[in-house]
Each structure stands twice: as structure tokens, then as C-alpha cells.
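# Report on the structure
Here's the letter readout for the chains.
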2 protein chains.
Amino acid sequence: MKLWDETVSKAKVRLYMDVPLNGGAVITPSADDAHYMLKVMRMGVGDHVALFNGKDGEWLAAITQASKKSLTLTANEQLRPQKNDLDVWLVFAPIKKARLDFIAQKATELGVSGIRPVMTRRTNVGRLKDDRIWANAKEAAEQCERLTVPEVMPACALDELLANWDPARKLMFCDEELSGSAAHNALQKVSRKGLAGPWAILIGPEGGFDDEERALIRKQPYAVPVHLGPRILRADTAAIAALSIWQVALGDW
Amino acid sequence: MKLWDETVSKAKVRLYMDVPLNGGAVITPSADDAHYMLKVMRMGVGDHVALFNGKDGEWLAAITQASKKSLTLTANEQLRPQKNDLDVWLVFAPIKKARLDFIAQKATELGVSGIRPVMTRRTNVGRLKDDRIWANAKEAAEQCERLTVPEVMPACALDELLANWDPARKLMFCDEELSGSAAHNALQKVSRKGLAGPWAILIGPEGGFDDEERALIRKQPYAVPVHLGPRILRADTAAIAALSIWQVALGDW
């Protein structure tokens, strides 16, 4: 982290770009990114930007050409090598706009590798814009110094999700009706049994899963039901709390 | 929780009112609360509301008189007895509006007993409206079925805060520069030593505490420095994450 702090002064702007990054790579940013650098951040030739693409680590790049119509960057120094993310998804029943943006941002900050919306009986949201979730995840990844942007998976129905689930991926099921095992203990018990590996965290809709849904989830051998305390939580709060607890019990905190 | 679910159907509206609550108590709501019940929720005589005041538990009250100019409620059944809260404060360097509202709401959901803004060298916010923090905490308490609204303490400078600190109150210091002890372990170590009791969680400003501030905090015998993982977190994310971890390690989760 110290190291990154030093480079911050050299490169205040940090962007995800889906282009190959290596020493000498010449990059033409998208129109949006070019606008951001030139108009919003008022950058010009000689200014630096940090780039990452999810594969090649983080690179310092300089603006080597800028005009009204085009912008060229040249990558010249690797700041950090690529590092594998923890493999943990957030699977959540989508909620209204502002809180949805918020969940995508916070889940990214908290290190998820994938974001998967799931439609439940009480999910009260119509068509979902994957683009919007992705844009929020990208911006959060740029700000929180991640080397990847989480994968945003298409929304699907709960029964379809479970029918196609890879049983090797454990599912931390935040069950509102449960009063038994506290989240951290439940997770540590699973991990003591040597069942580490890929995980997902499942958060229900406002109003909760219905009884049939809960029964279906609990029946799955990969499901690990946990509870999140005695108070009522909003879905976005529950998502952040669950991820934090997962990070402490099984992740890199 | 089951019990509360049943009463939800009887009383969809749940309000904090600073009035005595007991069987037969006659209550005149504030103009704001009256407007909310009559105009927003379109309630009338015979409709029920759940009330709490932070002292007398939760009561079911009926609207016994309603006119354009006045509204009267009569409390008639205690739904839940009063329960003591955990004694944990959130002490945080205030940030811009939307995130400030958000922190007040989430901290309330996560069960804090007190909210205390602290001014640090990098705190970039002018005059703070305690009223606004309190209004957010009140609304969150009403929604998440708490029996209290957290106390909102006036903002003060960091050195003043520490100079007047009750050393019996442990301070979970979320230290960005620390890479050593993970939060949960650090908290459990303290609690194993038999040092439970009142706590506070301290979150710095965007940009972090400066070195002198960090040294000052770490010097305090009641400070328990913890770290929150390898990624950069926004201050609001850090507050929620820290509270969740505290709840699991030492609270009621």
C-alpha cells in the first residue's frame, strides 16, 4: 500500500481499459475515457495515468499525443504485477436504482470476483441493466486499486440458478429466519472441514425469500445458512455485512 | 422475530416518539408525525401504529381521534418490553452529504448506541447538522425495529475527543497503515482478556488520518488497532464493515 501511495502522485487517474498492457504498448482510449482524461481531468501530453485490464497488472502510461479528435497513451512501467482475486461472488436479489448502484460499488470494494443478480418471488424490479451494474463496478475498481473488475453475470431466476449451480462453490445463505449459528462460526466450521475454494454470498430481496424458496436453498448440499444478528437489515446493508464477515473468516482480511 | 412479523400486519407504521408509553397513554404526535400518518400513510381513526420511545418498549397504539387540526393516539398493548442496547459508538470523520446520511442509517441498522462525528486534519466538511444525522438515525431505527434511536453526540476535534475519553471504553481503531492483526482476531484477543464493556469504532476521513494523528491514537491504552484488508475502502464502506465485524466478534450476532 505504501508503494501505491507513491505512485498516486505520479498517476492520479486510474482506469480500467480492455486492451493489452506491456512495456511500450500504444493505447487508444475509448471516447468516454478520452473525454474523462482531457475534459474532466484536464490532462495533456506528458501527464500520466495508471491502467489495468484484469490480466497484465497495473501500468503507468503517459499521454503521448492529444488533439481534439484523438488521444494516444503509451504504457511504460509496470507498477504492480497481476494478482489473482479471491473467488467469491455476490448473488443478490436486485433492488431499486440507488441501492443497486451502491451494492455494485461496495461489493467491488470488498473484493468480489463476480456479481450475479437473481430474481426471486418477492423481487420487485423489472428489467435490469447489466451495463449499469458493470459501470458501477468498473468505477469502484478504479478507485479502490483493484487489478480486476468483477464479472457481472446476467440475471436469472432463483430455481434456474440453483439447478445449474456448481456444487463445488459454497453458498453463504443469509437466512433471515435463522436464529442459530452466527455467521463467522458457521463459516469457520466449513473451512475447518477443509472445504475452502470458491464461494458465493446470497442475499434475498427486501421482504425476504418466501418459505418455499428458503426450503429449496437450504436443501442444497453446498448451502451454508448463517444469520446476521437480531435486527432487521436492509438488503444493501446485509450484503456489505456478509461480505465483510466472509473476508474476515475466509478471505484476505 | 416471528412475533414481530405478526404485529407488522396490525401496525405497518412504526414511529419513535419522545413521550411516555404505557397502557392507556394518550399521545399527541408532532406535526411531522401527524402529517406522515394522515397524509402520507392515509391513516384514520381505528388504524394502528407501533410506537417506541427508547425507554418503555414498543407499544401498539390506535388513532382515537383525527381531524384536520389534531390527531390523538391511545396506547393499548405492549408489543415488546424494553431491551438494553449494546454499548458501541461509531466515531467517524464526517464526509459529504449523501454518504453521511448513509453512515447514520447503516450504523443504526447495525446496532450502534451512539454516533459521534470527529473533526480530523483531513476532514473536508464544514458545519455539521446534528439534526440531519439524528433524523437519519431515527428513520432507520423505525424501519429496523430497534427500540432506541442512537444518541447523536456533537462533533468535536480529535485531540479533544481523546483528551476527554473514558479509558474504560475500548476504541477499535481502523488503521489504514496497519498490515498486521486482522480485525476479528484483534477484537477476540481483547475480549479473551476479559476487557469487554463499552466500545467505540473509529473511522478516519477520506485520505486517512495523518501520521501525527495516527501516533496519538495508537498511544492511547484503550486503542485497539485493526486492519480491514488489502483494498482501499471508502469511509462509509469501512464503517459498515468494521461494525459488522465488531458485532460478530463482540456483539449480538
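Everything numeric in this text was worked out from a predicted model, so none of it was measured. (Residues numbered from 1 in each chain as written. Chains lettered and ligands numbered in written order. Predicted model: local features only at pLDDT ≥ 70, side-chain atom pairs only at ≥ 80, totals over all residues.)

### Section: the interface of chain B and chain A
We count it as follows: Whether two residues are in contact is decided by their C-beta atoms, placed from the backbone, lying within 7 Å. Secondary structure elements are taken from DSSP: a helix is a run of H or I of four residues or more, a strand is a run of E of two residues or more, and numbering for both begins at the N terminus. The residue classification treats Ala, Val, Leu, Ile, Met, Phe, Trp, Tyr, Cys and Pro as nonpolar and Asp, Glu, Lys and Arg as charged. All others, Gly included, are polar.
Of the residues lining the interface, 26 residues belong to chain B; the matching set on chain A comes to 26 residues. Of all elements in the fold, only helix H3 (97–109), helix H6 (183–192) and helix H8 (235–250) of chain B reach the threshold of two or more residues within the side of chain B that touches chain A. In terms of residue count, H8(B) provides more of the side of chain B that touches chain A than any other element does, 7 residues in total. Each residue belonging to the side of chain B that touches chain A can be placed in one class, and the counts come to 13 nonpolar, 6 polar and 7 charged.

### Brief notes about the packing of helix H3 (residues 97–109) of chain A against helix H8 (residues 235–250) of chain A
Residue and element names in this part refer to chain A. Threshold: Angles shown run from 0 to 180 degrees and are taken between the N-to-C directions of axes, each axis being a line fitted to C-alpha atoms and, for helices, limited to the stretch in contact. Orientation categories follow fixed angle ranges, with anything under 35 degrees roughly parallel, anything over 145 roughly antiparallel, 65 to 115 roughly perpendicular, and all other angles oblique.
Where H3 contacts H8, the axes come no closer than 10 Å and their chain directions differ by 5°. Accordingly, the angle class assigned to the pair H3 and H8 is roughly parallel. When H3 is examined against H8, the residues Arg99, Phe102, Ile103, Lys106 and Ala107 are found in contact with a partner set consisting of Asp236, Ala239, Ile240 and Leu243. Residue composition of the contact of H3 with H8, grouped by class: 6 nonpolar, no polar and 3 charged.

### A short note on the sheet that holds strand S4 (residues 58–66) of chain B
Residue and element names in this part refer to chain B. We count it as follows: Should DSSP find at least two bridges between two strands, the strands are regarded as paired.
An order of S1-S3-S4-S5-S2 is seen for the 5 strands of this open sheet, with the pairing classed as mixed. Of all strands in the sheet, those bounded by a partner on one side alone are strand S1 (13–16) and strand S2 (26–27). Note that S4 and strand S5 (residues 71–80) share 8 bridges and pair antiparallel. Within S5, the position partnered with alanine 66 by the bridge is leucine 71. Across the sheet, helix H2 (residues 31–40) is in contact with S1, strand S3 (48–52), S4 and S5; its angle to S5 comes to roughly 85°.

### Observations concerning the sheet that holds strand S1 (residues 13–16) of chain A
Taken together, the 5 strands give an open sheet; going across it, the order is S1-S3-S4-S5-S2 (chain A), and neighbouring strands pair in mixed fashion. In this open sheet, the two edge strands, each paired with only one partner strand, are S1 and strand S2 (26–27) of chain A.

### Quick look at the domain arrangement of chain A
Residue and element names in this part refer to chain A. We apply this condition: Bear in mind that the domain bounds are from an automatic or database domain assignment.
Per the domain assignment, the segments of chain A are domain 1 (2–80) and domain 2 (88–250). On a C-alpha basis, the centres of domain 1 and domain 2 stand 33 Å from each other. Taken together, the contact pairs 9 residues of domain 1 with 7 residues of domain 2. The dominant element in the side of domain 1 that touches domain 2, judged by the number of residues it contributes, is S1, at 3 residues. The class makeup of the residues in the side of domain 1 that touches domain 2 is 4 nonpolar, 2 polar and 3 charged.

### A few points about the pairing of strand S12 (residues 223–226) of chain A
Residue and element names in this part refer to chain A. Here is the rule we go by: Put simply, a residue is buried when 20 or more other C-beta atoms lie within 10 Å of its own C-beta and exposed when 12 or fewer do; between those, it is partly exposed, and each C-beta is set from the backbone.
Going residue by residue along S12, you find Val224 and Val226 tucked away on one face and Ala223 and Pro225 left uncovered on the opposite face. Bridge count for strand S10 (residues 170–174) against S12 is 4 bridges, and the pairing is parallel. Across the sheet, residue cysteine 174 finds its bridge partner in S12, namely valine 226.

### Structural notes on the relation of the copies chain B and chain A
As a reminder, the rule being used: Least squares is used to superpose the copies, and the fit set is the C-alpha atoms of residues whose pLDDT is at least 70 in both copies.
At an RMSD of 0.0 Å, chain B and chain A line up after a rotation of 180° and a shift of 0.0 Å along the axis. Classification of the inter-copy transformation places it as that of a two-fold axis.

### Describing unusual backbone geometry
Residues and elements named next belong to chain A. Located in the positive-phi region is arginine 42, a residue other than glycine, with phi close to 55°. Topologically, arginine 42 is positioned in the loop between helix H2 (31–40) and strand S3 (48–52). Since 8 C-beta atoms lie within 10 Å of it, arginine 42 is described here as exposed. Even without being glycine, glutamate 145 reaches a positive phi, approximately 70°. With respect to the secondary-structure elements, glutamate 145 resides in the loop between helix H4 (130–143) and strand S8 (151–152). Given 18 C-beta atoms within a 10 Å radius, glutamate 145 is considered partly exposed.

### Here's the deal with the environment of Lys106(A)
Along the polypeptide, Lys106(A) turns up in helix H3. Residues Lys106(A) and Ala239(A) lie 133 residues apart in sequence; the distance between their C-alpha atoms is 8.7 Å. With near-sequence residues (within four places) excluded, Lys106(A) lies in contact with Ile240(A) and Thr237(B).

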